[in-house]
Amino acid sequence: MDQLRQFQNEMVVGPTGRRMFPNFNVRLSGLSPTKFYHIFIEARPIDPSKFTFNYQTQSWVVTGPAEAESSKRIYYHPETPLQGSGWMRKPISFKTPKFTTGQREGNMIEIRKGQKYVLVLHLVEISDDENQANKCLDFIFEETEFVTVSSHQNQAVAATKLNRNGRINVPVH
């Protein structure tokens with residue numbers, strides 16, 4: 001992940017959906033072992049602009065305003081809700097959600113191409129008292145920032161992912 005941070009990480013997306021890479025894993029502590037919690041992630045837009053990669057300068061440049069955002073940018077962990085003891089037992093992996101530019105189905109997060117996002121983990125403690133609001137904590141992971149693309153634009157990002165994954169298709173520009 002550190003190698004990808006020195007560049008602008010790219011997340012390949014399309015209408016059929018693509019899994020995020022690298023995977024997003026977190027470890028929680030300090031939860032009440034007996035209370036129940038919902039956990040989900042959100043792909044939160046971080047810039048009101050749309051971007052294109054400039055091959056001459058090897059950088060991302062603003063090309064206009066961002067497209068209207070979908071409200072379907074969240075993914076609930078499949079084990080939610082679960083008691084705090086269950087969430088703290090082992091790392092929590094978000095390896096199954098896919099990013100899509102098409103209609104959202106099942107485990108997909110709907111996002112727009114050429115826009116920048118960051119992953120936010122939402123932790124909702126379910127109240128025992130139905131008259132009391134649930135407590136919600138949000139954790140923004142700046143190291144997960146990415147721009148969405150239909151194919152890798154920056155060759156350095158593609159090479160880094162290829163070295164870690166082995167299944168990247170690298171276009172030649």
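Residues numbered from 1 in each chain as written. Predicted model: local features only at pLDDT ≥ 70, side-chain atom pairs only at ≥ 80, totals over all residues. Heavy atoms only, no water.

Caption draft 1: Region of interest: the overall build of the chain. If you tally the helices and strands in the chain, you get three helices and 13 strands. When each of the 173 residues of the chain is scored for burial, the buried share is 42%. By element, 48% of the accessible surface of the chain is carried by carbon and sulfur atoms, the whole surface being about 9600 Å². (Helix = DSSP H or I, 4+ residues; strand = E, 2+ residues; numbered from the N terminus. Buried < 20%, exposed > 50% of the residue type's maximum accessible area, 1.4 Å probe, protein only. Areas by Shrake-Rupley, 256 points an atom, 1.4 Å probe, with all protein chains shown as cover.)

Caption draft 2: Spotlight on the pairing of strand β13 (residues 135-149). Relative to β13, strand β1 (residues 10-12) runs parallel, the two being bridged by three bridges. Following the sheet pairing, glutamate 10 is matched in β13 by valine 147. Taken together, the nine bridges between strand β12 (residues 116-125) and β13 define a ladder with antiparallel strand orientation. For leucine 119, the partnering residue across the bridge sits in β13 and is phenylalanine 141. (Pairing = 2+ DSSP bridges.)

Caption draft 3: Representation of the confidence of the model for the chain. This prediction gives the chain a mean pLDDT of 83; 83% of its residues lie at or above 70. Contacts for the low-pLDDT stretch residues 166-173, under 50 throughout, to residues beyond four places or in other chains number 15 contacts. (pLDDT = per-residue confidence, 0-100. Contact = heavy atoms within 4.5 Å.)

Caption draft 4: Region of interest: the environment of lysine 90. On the secondary structure map, lysine 90 appears in the loop between α2 (84-89) and β9 (92-94). On the accessibility criterion, lysine 90 (43% relative accessible area) is partly exposed. A C-alpha to C-alpha distance of 9.0 Å links lysine 90 and valine 26, two positions 64 residues apart in sequence. Leaving out residues up to four positions away in the same chain, lysine 90 has contacts with Arg27 and Glu79.

Caption draft 5: Representation of the sheet that holds strand β11 (residues 108-110). The strand order β2-β10-β11 describes an open sheet built from three strands, whose pairing is mixed. Edge positions in the sheet fall to β2 (18-19) and β11, since each of these pairs with one other strand and no more. With two bridges joining them, β2 and strand β10 (residues 98-100) adopt antiparallel strand pairing. Within the sheet, the bridge partner assigned to arginine 19 lies in β10 and is lysine 98.

Caption draft 6: Highlighting the pairing of strand β6 (residues 59-65). Note that strand β5 (residues 49-54) and β6 share six bridges and pair antiparallel. By the bridge assignment, threonine 52 is partnered in β6 with valine 61. The antiparallel hairpin formed by β5 and β6 contains four residues in its connecting segment, where glutamine 58 sits at a positive phi of about 55°.

Caption draft 7: Fine view of the packing of aromatic side chains. For the structure on display, the rule yields eight aromatic pairs. Their ring planes at 35° and their centres at 5.9 Å tell us that phenylalanine 24 and phenylalanine 94 sit as a pair that is tilted. Of this pair, phenylalanine 24 sits in strand β3 (residues 24-26) while phenylalanine 94 sits in strand β9, and the two are 70 residues apart along the sequence. Geometrically, the ring pair formed by tyrosine 75 and phenylalanine 94 is edge-to-face, given 6.2 Å between the ring centres and 75° between the ring planes. Placement of tyrosine 75 in strand β7 (residues 74-76) and of phenylalanine 94 in strand β9 is noted, with a sequence separation of 19 residues between them. (Phe/Tyr/Trp six-rings, centres within 6.5 Å; stacked < 30°, edge-to-face > 60°.)

Caption draft 8: Fine view of the side chain of glutamate 110. Among the structural elements, glutamate 110 can be located in strand β11. Here glutamate 110 falls in the buried class, since its relative accessible area comes to 8%. Of note is the side chain of glutamate 110, whose polar atom sits 3.4 Å from the side chain of arginine 112. Residues in contact with glutamate 110, not counting those within four places in the same chain, are Ser70, Lys72, Arg73, Thr100, Gly102, Gln103 and Arg104. (Polar contact = N/O pair within 3.5 Å; in protein donor to acceptor, adjacent residues only side chain to side chain.)

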